[in-house]
Amino acid sequence: MLGNCVAVISPQELRTVEALDWDSILGTYNAYLNYPSQANAMALLASLPRDRPNEIRGSTERAFRIFLSGDNDPILFQEAISGDRTAIEIYFRLLNLADGYYLDIVNITMGFLVRFQPKLFLENLLKYRDTHSIKTHGYPILATGPGYNTHKGAWEYVLGRRIAALEGVNGKKYSTIKAECIELIRKTIVRDHTASYHD
């Protein structure tokens, strides 16, 4: 249930960008945690590269342990889920830096954003769909979290709520990407039904 859609771009086409310095980023993150103002959010966003960096200074695993710890992540999450554009964009940049377990966690947050801030989610998806993670793993709209793995009805319900949220987004510039997201969610539900039928 944590997966994303299929990738359609080959690894050779992925772009890498500037160097990343985790110590500097964690400094701006700490300032944000102490006072999550718009100014501190903008500083944190500016410290994060838009795309996958070609050089990393410091430990990415350590950085994500700090970013996504139970004491820290709820502060950024609360701002994002409340509709703060900058906080949402920070998660899109973290998406390009995370791997493995930490990528799963960021993807789960993306799922919340699809449902509760669908227009801002699509706005950022349009902006970042040419970046590493989305080119590699697809649109981050399917992850639901471990609680749904053993409750198929709840899993289907929450995906249905995401479809409903996306359908409520108006605006011509969103029409194509909105339709792509809805189609992907529906196909995922159908595929699960087909697999369950054959089990």
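Before reading on, note that the structure itself is shown above.
Small disclaimer: the values here were computed from a predicted structure and weren't measured.

The rules behind these values
- Going along each chain's sequence as written, the residues are numbered from 1 onward.
- Local features in a predicted model are, by the rule used here, given only for residues with pLDDT of at least 70; side-chain atom pairs are given and counted only at 80 or more, and totals for whole chains, interfaces and linings are based on all residues.
- Calculated side-chain values reflect all of the structure's heavy atoms, with hydrogen atoms and water omitted.
- Each Phe, Tyr or Trp ring (for Trp, its six-membered ring) is paired with any other whose centre lies within 6.5 Å, and the angle between the two planes then decides the class: stacked below 30 degrees, edge-to-face above 60, tilted in between.
- Every helix listed is a DSSP run of H or I at least four residues long, and every strand listed is a run of E at least two residues long, numbered separately from the N terminus.
- Cation placement over rings: the criterion is NZ of Lys or CZ of Arg within 6 Å of the ring centroid and within 35° of the ring normal.
- Axis angles are defined between N-to-C directions and span 0 to 180 degrees, where every axis is a line fitted to C-alpha atoms and, for a helix, only to the segment in contact.
- Here is the rule for angles: anything less than 35 degrees is roughly parallel, anything more than 145 is roughly antiparallel, 65 through 115 is roughly perpendicular, and the remaining ranges are oblique.
- Put simply, a crossing is left-handed when the front helix is turned counterclockwise from the back one by less than a right angle, and right-handed when it is turned clockwise.
- Here, two residues are considered to be in contact whenever any of their heavy atoms come within 4.5 Å of each other.
- Here the nonpolar group is Ala, Val, Leu, Ile, Met, Phe, Trp, Tyr, Cys and Pro; Asp, Glu, Lys and Arg are the charged ones; every other residue, Gly included, is treated as polar.
- Any pair of N or O atoms that falls within 3.5 Å is considered a polar contact. Within protein, one atom must be able to donate a hydrogen and the other to accept it, and sequence-neighbouring residues count only if both atoms are side-chain atoms.

Draft legend 1. Main features of the packing of aromatic side chains. Taken as a whole, this structure holds 10 aromatic pairs when the rule is applied. For the pair Phe92 and Phe121, a centre-to-centre distance of 5.5 Å together with 50° between the ring planes defines the contact as tilted. Highlighted residues: Phe92 in helix 5 (residues 85-95) and Phe121 in helix 7 (residues 118-128), separated in sequence by 29 residues. Three or more aromatic residues link up through ring pairs in this structure, and these residues are Trp22, Tyr29, Phe64, Phe67, Tyr101 and Tyr102. Sitting above the plane of the Tyr128 ring, Arg50 keeps its charged end 5.1 Å from the centroid.

Draft legend 2. Local environment of the packing of helix 1 (residues 22-34) against helix 2 (residues 38-47). Packing of helix 1 against helix 2 leaves a shortest axis separation of 9 Å and a crossing angle of 160°. The pairing of helix 1 with helix 2 is recorded here as roughly antiparallel in orientation. Crossing of helix 1 against helix 2: the hand is left-handed. Contacts between helix 1 and helix 2 involve Ile25, Thr28, Tyr29, Ala31 and Tyr32 from the former and Asn40, Ala41, Ala43, Leu44 and Ser47 from the latter. When the residues that make up the contact of helix 1 with helix 2 are grouped by side-chain class, the tally is seven nonpolar, three polar and no charged.

Draft legend 3. Here's a closer look at the environment of Arg93. Tracing the backbone through its elements, the reader meets Arg93 in helix 5. Residues Arg93 and Asp51, 42 residues apart in the sequence, show an inter-C-alpha distance of 6.8 Å. Excluding its chain neighbours within four sequence positions, the residues that come into contact with Arg93 are Leu45, Leu48, Pro49, Arg50 and Tyr128. At 2.8 Å, the side chain of Arg93 forms a polar contact with the backbone oxygen of Leu48.

Draft legend 4. Here's a closer look at the environment of Ile185. Mapped onto the elements of the fold, Ile185 is located in helix 10 (residues 175-198). For the pair formed by Ile185 and Glu156, sequence separation is 29 residues and the distance between their alpha carbons is 9.6 Å. Non-local contacts of Ile185, meaning those with residues more than four positions away in its chain, are made with Ile141, Leu142, Leu159, Arg162, Ile163 and Leu166.

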